[in-house]
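# Architecture and fold: a report
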There are 2 protein chains.
Amino acid sequence: MKKIGVLGGGQLGRMMIQSAMNLNIHVKTLDPDPNAPCKAVAHEFVVGSLNDYDTILEFAKDVDIVTIEIENVNTDALLEIQKQGTPVFPKPEHIALIQDKRVQKQFYQENNIPTSPFVLVENKEELVKHKDLLPAVMKIGKGGYDGRGVQVMRTETDFEKGFDGPSVFEKMVDIDKEISIIAARNEKGEINTFPAVEVVYHESNLVDYLLSPATISKEIEDKATEIAIDLVKKLDFIGLLAIEFFVDQEGNVIVNEVAPRTHNSGHQTIEGNITSQFDQHIRAVANLPLGDTARRSPSAMVNVLGEKGYTGVAKYEGVDEVLSISGVYIHLYDKQMTKPERKMGHITIIAETKEQLLEKVDLVKKHFKVIA
Amino acid sequence: MKKIGVLGGGQLGRMMIQSAMNLNIHVKTLDPDPNAPCKAVAHEFVVGSLNDYDTILEFAKDVDIVTIEIENVNTDALLEIQKQGTPVFPKPEHIALIQDKRVQKQFYQENNIPTSPFVLVENKEELVKHKDLLPAVMKIGKGGYDGRGVQVMRTETDFEKGFDGPSVFEKMVDIDKEISIIAARNEKGEINTFPAVEVVYHESNLVDYLLSPATISKEIEDKATEIAIDLVKKLDFIGLLAIEFFVDQEGNVIVNEVAPRTHNSGHQTIEGNITSQFDQHIRAVANLPLGDTARRSPSAMVNVLGEKGYTGVAKYEGVDEVLSISGVYIHLYDKQMTKPERKMGHITIIAETKEQLLEKVDLVKKHFKVIA
């Protein structure tokens, strides 16, 4: 029915293709890696830089809509594409805003979106002026990803671990829970949100597993949902916005950061909810009615990461053990090479009760390994 | 992890690819139609005849397993591939047996699988010798598909509508219900079956809609399941076997016919059951543990057929209306051209109750049309 151009050919694009196929929507992807996960399954797969203006303009010439699966793209090119008449969702200005954590934080502050106290600094040398914020977190303005570009600082002696570029320096939140809500909005202005999920972190700062429903009160879920809707409206956002929240020890709900796309914290929606985040993304950017986001059953999601100590052609251990458990869904991303903590896939688990869910999570984590 | 060669690049292959992707299984497909539904999404798409010995041998040279998504293929080629050491599942002898409805019927008779009384005839001229079977159905031995090659005969005057080739002439069953069960078996000998679904037919003899659970007693479901398991065991079958049953007015359960592959009567398993038939097919042929087939919720499946009176480039009406209903999943097969009653896709519907399900089925049928 339509041809969507997607900047980025990684796993998020790959799962988007699985959804888009069902509506006869053809997906053309652009990625610098000639072996990116979308390579063999995209209708068209173009190898090229996501930061090169001309490459992106050329790429978008024959598509009906442009969208993204990664936010580190050249937004000037997207502005030009939009100007030439091809819809770009999310809008280039939102991608640009979110690319820079400094601009993001200022937007929250100016628009009464709850966020942690912060200052903008140009480099680590400036931190000494803001000792009063300790314990705090320094986040690089641009280019951070999956825990990179984030440094926790408990005392002044940590300042030397800081970054040398423009950053945000924010007061550490006394976290009780981390939750995530994915909101969607289409051109018609229709908005809806997925139920909150709870994100449980691993020491390495990569998501360990994800629980749906989150173990939070209805009041907290309502508060977070309200903030999500408020944020999407104030931005005049179109597409999918994944919002990560901190819930502090006093029950305050604070926006941590957002991503203008499908998100790791929404993978379990494929099996766990009536509509998946990938279906919802397609619906939102193609201006189709948004889907019902209700849960079908409790679910959990475990990231499949490259085992420490192994680098090379990936081999998967425990496939049989995991496939023997009812309601366990392996999603691999077709990445040939593994390295320590590389995201190689995820596993979704559904169960009737939370107890059963956590038992299965333990089994999956025990058996499933990516080695080389 | 593995590369599967699939004979046939139609919608069944396309949905198999959506499943195979999740296990990093690469799918190579062979189809005579250069625009077959698998074209753009298969890892490799080869255009060629499914009946040509050399084409199939060449196709299979670099794959780890060969399977099918259509049974009208050259089984001599498959026997040779098997002889050369590449596993072929379902086994070539089973495909050959099922290709010929005459051999199929004889197998049932010889193995005490309940089936309707029949005779083998060489052409329509012989029918007059078997008037005692009337009302009856003449089915062409080879090459029938989706209602083609099947002729109902109520009186002797219908004999002239018969076929000129080797056929089965079978007593018409006084049908109360038509149900279907899909059984799976892997090389380890593990067997399981999907719950029975009820197939409601349209005047044109194409499936109108499909209901899960079937509205039958536990006794009848158990009887059908027992026959399905018995059949798979007696055949020593590996892969997926879709078994269509008649339940007659006296509650007898009779095998109508079978298909050695994923089947139209299993499409609703994608959203309706814990494991989909496409996942199960991959698991069975790759000798992985079979998945739990239990229902997650009641479901229905409506075929999306080309509207009568329209031939040409397909356009879809009612997409917005249908996507506005909760728990409705559009699956289009990426066929460019529509013609009357061409299978262009299917729509799965889930609901809490049968009443809600049937209401949604009505809405879907009312709104969704394929025109040109």
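Residues numbered from 1 in each chain as written. Chains lettered and ligands numbered in written order. Predicted model: local features only at pLDDT ≥ 70, side-chain atom pairs only at ≥ 80, totals over all residues. Heavy atoms only, no water.

Residues and elements named next belong to chain A. As recorded in UniProt, the feature "binding site: ATP" (unreviewed entry) lies at Lys101, Lys139, Glu170, Lys171, Met172, Val173, Glu178, Asn256 and Glu257. Looking at the element boundaries, Glu170 is found in strand β8 (residues 167–171). The class of Glu170 is buried, set by a relative accessible area of 4%. Residue contacts for Glu170: discarding those within four places in its chain leaves Lys105, Ser116, Pro117, Phe118, Ala136, Val137, Lys139 and Asn256. A distance of 2.9 Å separates the side chain of Glu170 from the side chain of Lys105, its partner in a polar contact. Position of Met172 relative to the elements: it lies in the loop between β8 and β9 (175–185). (UniProt positions renumbered as here; feature names shortened; annotations may be inferred. Helix = DSSP H or I, 4+ residues; strand = E, 2+ residues; numbered from the N terminus. Buried < 20%, exposed > 50% of the residue type's maximum accessible area, 1.4 Å probe, protein only. Contact = heavy atoms within 4.5 Å. Polar contact = N/O pair within 3.5 Å; in protein donor to acceptor, adjacent residues only side chain to side chain.)

Each partner contributes to the interface: chain B provides 37 residues, whereas chain A provides 37 residues. In this assembly, chain B packs against chain A so that about 3500 Å² is buried in total across both faces, 51% of it on carbon and sulfur atoms. At the junction of chain B with chain A, the criterion picks out two salt bridges. Summed over the shared surface of chain B and chain A, the result is 25 residue pairs in polar contact (both at pLDDT 80 or more). Of all the secondary structure elements, the ones that give two or more residues to the side of chain B that touches chain A are α1 (11–20), α9 (319–323) and β18 (328–332) of chain B. At five residues, the largest contribution of residues to the side of chain B that touches chain A is made by β18(B). By residue class, the composition of the side of chain B that touches chain A is 19 nonpolar, ten polar and eight charged. (Buried area = accessible area lost by both parts, 1.4 Å probe. Salt bridge = Lys/Arg side-chain N within 4 Å of Asp/Glu carboxyl O. Nonpolar A, V, L, I, M, F, W, Y, C, P; charged D, E, K, R; others polar.)

This paragraph deals with the packing of aromatic side chains. Taken as a whole and judged by the stated rule, the model has four aromatic pairs over all chains. Judged by centre distance (6.2 Å) and plane angle (40 degrees), the rings of A:Tyr316 and A:Phe368 are tilted. Of this pair, A:Tyr316 sits in strand β17 (residues 315–317) while A:Phe368 sits in the loop between α10 (354–367) and β21 (369–371), and the two are 52 residues apart along the sequence. Residue A:Phe368 is classed as buried on the basis of its relative accessible area of 9%. Consider the rings of B:Phe159 and B:Phe169, whose centres lie 6.0 Å apart with planes at 80 degrees: the pair is edge-to-face. Separated by ten residues along the polypeptide, B:Phe159 in the loop between β7 (150–153) and β8 (167–171) and B:Phe169 in strand β8 bring together distant segments of the chain. A single burial state applies to B:Phe159 and to B:Phe169, both of which are buried. (Phe/Tyr/Trp six-rings, centres within 6.5 Å; stacked < 30°, edge-to-face > 60°.)

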